[in-house]
Amino acid sequence: MTELVAPPQPLPLVPEAIQPRAGIVGWIASTDHKRIALMTVGVSLVCFVIFGCMALLMRSQLARPAQHLVSNQVYNELFTFHGSGMIVLFLTPLAVAFGVYLVPLQVGAPMIAAARTCLFSFWLYVSGAIVLLLSLATSRPADAGWYAYTPLSDSRYSPGTGTDLWLLGMIMAVSAMMIMSGCVVWTALRLRAPGVTLTRMPVFTWSEVVTCMMSVASFPALVAAMGMIAVGRVDPNIFSHDTWDLAYQFVFWFYGHPVVYVMFFPFVGCVATVLAAFSRKKYFGYHFTIVALLAFAAGSMVVFGHHLFTTGQSTNPYFSLTSIMLAVPAGVEYFGFIATLMGGKITIRTPMLFALAFIPQFLIGGLTGIMLATPVLDYEFHGSYFVVAHFHYTLFAGSLFGAMAGIYYWFPKATGVVLDEKLGKLNFWILLIGTNATFGPMFVQGFDGLPRRVASYSSNLGVDGFTLASSIGAGIIALGVGVFLFNVAKSLVVRVPAGVDPWGLGQGLEWVTASPPPLFNFDELHPIPRVKSYAPLLDLRQEVEDAQVGEAVAQVDGVGGGALPAGGAGP
Amino acid sequence: MPGRSWAPGAMSARHVSPMQGRVPLRRLSVGNGRSRAHSVPYRNTFNRVFTIESGFAIVIFVVVLLLMGTALVFFRSSRRKRASRRSEWTLLEGSWVVFVFCMAVFLVWLSLTNLSRETASTYKKPALVVKVLGFQWCWRFTYVGHDATVQGTCNFGKTLPTLVLPRNERVRFELESNDVVHEFWLPHIDRKIELFPNHVNTFAETFRHTGRWEGRCAEFCGLYHDYMEFWVRVESKSAYARWLAHHHGFHVG
Ligand SMILES: [Cu+2]
Ligand SMILES: [Cu+2]
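All figures in this text were calculated on a predicted structure; none of them were measured in a lab.

## Observations concerning a nonpolar patch on the surface
Residue and element names in this part refer to chain A.
Right, so step 1: Taken together, the side chains of Ile24, Val25, Trp27, Ile28 and Trp123 make up a nonpolar region of the molecular surface, amounting to roughly 460 Å² of accessible area.
Right, so step 2: With 4 residues, helix 1 (residues 23-28) is the largest single contributor of residues to the nonpolar patch.
Right, so step 3: Mapping Trp123 onto the fold places it in helix 4 (residues 115-134).

Here you go:
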């Protein structure tokens, strides 16, 4: 790849002495954004396994009607920890960590902005995770659900230190991600290499910028909501009745909706990147997509009321309007996906499989989201398994598949070794079957009237077959995750070297440097090439291609090369 | 804001074993699942809107799958010498935005017109007002102006309260919680609304069919949330009057 590189930008030379520190201290005290990001991804994956096991326990209990493998109390703890853990300790950190790793590389920065603050936020996140999990060691762990509605979460109905620890853990982990997000935005806005203008940042970087702006804007609301509970646990009379019993929900969902987008925008970015790379095309409709992402983020702040349609206290027509209108930016994103595939030269590798599956699966989540944004339908679906199915299609069938596309795609860059392709495809098909077997039947369960958060249900509801299917599907998902973890472990042991770009298709600046990248990302051996668009390496590849074609034409016609127009035919 | 002295749900979580039996037999459901289509106003609204939105969703889903399939068949690397370099087509993209915008406006219109039709009925004069009180973990129904109160113990005493209602009369529900947030869900008419302490929520409904259905709590409310069920029985006007005459005072079940 280096021979393609055009005039290098002058870079500060890195003295020999400044090399990454070896050993464990070199990792845990590192201000290198790559190490911080990898540690965050690692911790988040550990959390994924922990809270995934809780889901398996719940699915075991729900496999048959009227079954009591665990008590009601334990079941309530399980879904409280599964929900809050997956959101604040797994998907949000994973989403932000992708940005911490890739944004500096993609904008050609030698480091992340406010690197020590970024490291601090990682440790705040780890501490938050530990504090939150410590709640499980108390005599009464948190059990009021992940949105911890007051008054249920106050000291009369949820007494004990379990809920206190959970609140503290939530505040710490969410604050950590708010701070880490700030570092990512700052990097993209202030540390771009010469030539990387805002409209030459890759789609993935844009998705991270937008994500991190949402987290900076909305996560304070969660801190406020949790702080409100903490104060109210001392004395609820500090608040007026309606503030305590009712307004809490509004404060909470002001965080609760944007966080959903925080958990999926970066993975939309992953999917866009992978689709473009494996179609050998620039992502189609860049400018429209960026505007759509920004509009989406702005819109995300004014739709939270759709979680409150059945409170009787929300402005239902307004929130229905704003929520449904989000279909417009979503439509623009989908247009970009499809139009990028059209006219491409498509190769299907594991990341591409995950990216392709993301498209229809996330669409199911989005289309059922329109139904839930329609109050007359939400009056039936609210609080039922239909909602559970909906958000697992967005966050598992959508976000997690996008994340897997991203992990398979960038794993060689981050570790220097490639993941096994056969195991990857096996992993994909098992997850695909497991995901749809688990969450598809939940739509029917909800439609038939099964409420969420019940420790057991009666067979008179007529959903036994569907709940059993969901439970079997959960087992299949566990198998798929097992294959993934085995693949990672095996690849790290076998160590097939990745080279600069094992795909030969990379478009962003991260693919010009070594795998893994050196301490300051780019060096004399791997300088930043000229950046003319949001896909600088594809530009270079196309220039070489044109030069070759030009030579061929010149040989045939005996005329000077370079006669081919740069823009090819439309799709 | 201390708990009220007349708290009807005196059962404490800590006194009842979570393993205390559930009796599935008692849940003989008259109309459950998708077969419970009835021409109640709300059911009509739900059916109409759900059918339109499902059709819309299926069409979009199929179109996206077809486009993806087309791309994967015709633009595979084995079939192509080189990829297209076009990455923008402003007219097409702009037209698509306008098209999606129009679709979204249609969906908003569909949502809001049906919503306002339903909301309007809440403000009309009701023939009957029923106060619904939710508590951990059962229900109390009070017939305003009739000195009749029905309360259950739900699965603790295995007595589900029955909410008896007259057919073809507008009923207004005034809902309040005794402790935490609950949610009053009548699945057979696709309607639910939350109950808050120290706050009254209302909605109105006219029940067009006689029969017996299950209702339940749909907001997580603590240890025995899954026990909080009740019966709704809609009777003809005369049968309802007879029932009311025999139910002066406080009744369990
Ligand atoms: Cu939402
Ligand atoms: Cu409940």
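## A closer look at unusual backbone geometry
Right, so step 1: With omega at -10°, the peptide bond leading from Ser515(A) into Pro516(A) counts as cis.
Right, so step 2: Here Pro516(A) is to be found in the loop between helix 16 (464-494) and helix 17 (536-557).
Right, so step 3: In this structure, Trp137(B) follows Gln136(B) across a cis peptide bond, with omega equal to -5°.
Right, so step 4: If you trace the backbone, Trp137(B) turns up in the loop between strand 1 (128-135) and strand 2 (138-143).
Right, so step 5: The backbone phi angle of Ala114(A) is positive, close to 50°, even though this residue is not glycine.
Right, so step 6: Relative to the helices and strands, Ala114(A) is located in the loop between helix 3 (72-106) and helix 4.

## A look at the coordination of the copper ion (ligand 2)
Residues and elements named next belong to chain B.
Right, so step 1: Only Cys217 (SG), Glu219 (O), Cys221 (SG) and His225 (ND1) from the protein reach the copper ion (ligand 2) as donors, at distances of 2.0 to 2.5 Å.
Right, so step 2: Its 4 donor atoms give the copper ion (ligand 2) angles of 86 to 125° at the centre, a pattern that matches the tetrahedral case.
Right, so step 3: Taken in sequence order, the residues that donate to the copper ion (ligand 2) follow the motif C-x1-E-x1-C-x3-H. Taken individually, Cys221 and His225 each receive the classification buried, so the pair is uniform in this respect.

## Considerations on the environment of Met58(A)
Residues and elements named next belong to chain A.
Right, so step 1: On the secondary structure map, Met58 appears in helix 2 (residues 33-62).
Right, so step 2: On the basis of relative accessibility, which here comes to 8%, the residue Met58 falls in the buried class.
Right, so step 3: Each C-alpha atom of the pair Met58 and Phe79 lies 7.7 Å from the other, and the pair is 21 residues apart in sequence.

## With respect to the sheet that holds strand 4 (residues 162-166) of chain B
Residues and elements named next belong to chain B.
Right, so step 1: With respect to topology, 5 strands assemble into an open sheet ordered 4-10-9-6-7, the strand pairing being mixed. One side of each edge strand has no neighbouring strand; the edge strands of this open sheet are strand 4 and strand 7 (191-195). Pairs of neighbouring strands in the sheet enclose a mean axial angle of 25°, with direction left out of account.
Right, so step 2: Examined bridge by bridge, strand 4 and strand 10 (residues 229-235) share 5 bridges and lie parallel to one another. In the sheet register, Thr162 faces strand 10, and the bridge partner there is Trp231.

## Notes on the sheet that holds strand 2 of chain B
All names here are of chain B.
Right, so step 1: Taken together, 6 strands build an open sheet; the order of strands is 8-5-1-2-3-11 and the sheet is mixed. Both outer strands of the open sheet, strand 8 (201-206) and strand 11 (249-252), are each paired with one neighbouring strand and no more. Taking the axes of each pair of neighbouring strands and ignoring which way they run, one obtains an average angle of 20° across the sheet.
Right, so step 2: As paired strands, strand 1 and strand 5 (residues 170-177) are joined by 7 bridges and run parallel to one another. Of the residues in strand 5, the one forming a bridge with Val129 is Arg172.
Right, so step 3: Here helix 2 (residues 90-122) sits on the sheet and contacts strand 5 and strand 8; the angle it forms with strand 8, its principal contact strand, is near 100°.
Right, so step 4: Of the strands in this sheet, strand 1, strand 2 and strand 3 (148-151) touch helix 3 (residues 237-245), which is tilted by about 100° from strand 2.

## Some details on the interface of chain B and chain A
Right, so step 1: Counting from both sides, the interface comprises 91 residues of chain B and, opposite them, 102 residues of chain A.
Right, so step 2: Taken together, both faces of the contact between chain B and chain A bury some 8400 Å²; the carbon and sulfur share is 66%.
Right, so step 3: On inspection of chain B and its partner chain A, the count reaches 3 salt bridges.
Right, so step 4: For the salt bridge of Arg82(B) with Glu545(A), the shortest nitrogen-to-oxygen distance reads 3.9 Å.
Right, so step 5: Taken together, chain B and chain A are joined by 27 residue pairs in polar contact (both at pLDDT 80 or more).
Right, so step 6: Of all elements in the fold, only helix 1 (41-74), helix 2, strand 6 (182-186), strand 7 and strand 9 (211-217) of chain B reach the threshold of two or more residues within the side of chain B that touches chain A.
Right, so step 7: Among the elements that line the side of chain B that touches chain A, the one with the most residues is helix 1 of chain B, at 18 residues.
Right, so step 8: Considered class by class, the residues forming the side of chain B that touches chain A number 47 nonpolar, 19 polar and 25 charged.

Calculation rules
Residues numbered from 1 in each chain as written. Chains lettered and ligands numbered in written order. Predicted model: local features only at pLDDT ≥ 70, side-chain atom pairs only at ≥ 80, totals over all residues. Heavy atoms only, no water. Patch = residues over 30% accessible without salt bridge, like charges linked within 9 Å, V, L, I, M, F, W, Y side chains within 5 Å. Areas by Shrake-Rupley, 256 points an atom, 1.4 Å probe, with all protein chains shown as cover. Salt bridge = Lys/Arg side-chain N within 4 Å of Asp/Glu carboxyl O. Helix = DSSP H or I, 4+ residues; strand = E, 2+ residues; numbered from the N terminus. Donors = N, O, S within 2.8 Å, 3.2 Å for Na, K, Ca; no water. Tetrahedral: all angles 85-135°; square planar, octahedral: opposite > 155°, others 65-115°. Buried < 20%, exposed > 50% of the residue type's maximum accessible area, 1.4 Å probe, protein only. Pairing = 2+ DSSP bridges. Axes fitted to C-alpha atoms, helices over the stretch in contact; angles between N-to-C directions. Contact = heavy atoms within 4.5 Å. Buried area = accessible area lost by both parts, 1.4 Å probe. Polar contact = N/O pair within 3.5 Å; in protein donor to acceptor, adjacent residues only side chain to side chain. Nonpolar A, V, L, I, M, F, W, Y, C, P; charged D, E, K, R; others polar.

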